Amino acid sequence: MNGNSGCKPEIQYPCRWHYRLIGENRAAILEAIHSLVDVTTCVIDEGNVSSGGRYLSLNLEMTVVDEAERLRFYQLFAENSAIRVVL
């Protein structure tokens, strides 16, 4: 058994971090991203569309300087009404 099971992974900051943002409206998700981050320093890619076509995802890659910033952006995305799920 690995002695590290249950331990938090060691992340070296600053680093590039990936968020998957899932919602119902592409334009609204993009607006949320633009309101929260400097999009000139990010990469935004198309993700998947649900089988019924109701939900879609956008992949956002950005640099975070520390764990607090990484978690803060996660929380800001999660609180935005255009975004249903943040992964």
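Located above this text is the structure these notes cover.
Undergrad: What is the right way to look at the environment of Arg 20 in this model?
TA: Summarising the element assignment, Arg 20 is placed in strand E1 (residues 15-23). Separated by 67 residues in the primary sequence, Arg 20 and Leu 87 place their C-alpha atoms 4.9 Å from one another. Excluding anything up to four places from it in sequence, Arg 20 contacts Asn 48, Ser 57, Leu 58, Asn 59, Val 85, Val 86 and Leu 87. Among the polar contacts listed, one links the side chain of Arg 20 to the side chain of Asn 59, at a separation of 3.1 Å.

Undergrad: Would you explain the sheet that holds strand E3 (residues 56-64) in this entry?
TA: The strands making up a sheet associate through backbone hydrogen bonding, with each pair oriented either parallel or antiparallel. The antiparallel open sheet is built from four strands, whose spatial order is E2-E3-E1-E4. The two strands at the open ends of the sheet, each matched to only one other strand, are strand E2 (43-49) and strand E4 (85-86). Packing of helix H1 (residues 26-36) onto the sheet brings it into contact with E1, E2 and E3, and relative to E3 it is tilted by some 15 degrees. The sheet contacts of helix H2 (residues 67-79) involve E1, E3 and E4, and relative to E1 the element is tilted by about 10 degrees.

Undergrad: Any chance you could explain H2 here in plain terms?
TA: Residues lying three or four places apart along an α-helix face the same way, a consequence of the helix completing one turn every 3.6 residues. In this model H2 runs 18 Å from its N-terminal to its C-terminal C-alpha over 13 residues, within 8% of the 18 Å that 1.5 Å per residue would give. Here the buried face of H2 lies against E1, H1, E3 and E4. Between the side-chain oxygen of the N-cap and the backbone nitrogen of Ala 68 there are 3.3 Å, and the N-cap of H2 in question is Asp 66.

Reading the values: the criteria
Residues numbered from 1 in each chain as written. Predicted model: local features only at pLDDT ≥ 70, side-chain atom pairs only at ≥ 80, totals over all residues. Heavy atoms only, no water. Helix = DSSP H or I, 4+ residues; strand = E, 2+ residues; numbered from the N terminus. Contact = heavy atoms within 4.5 Å. Polar contact = N/O pair within 3.5 Å; in protein donor to acceptor, adjacent residues only side chain to side chain. Pairing = 2+ DSSP bridges. Axes fitted to C-alpha atoms, helices over the stretch in contact; angles between N-to-C directions. Expected span 1.5 Å × (residues − 1).

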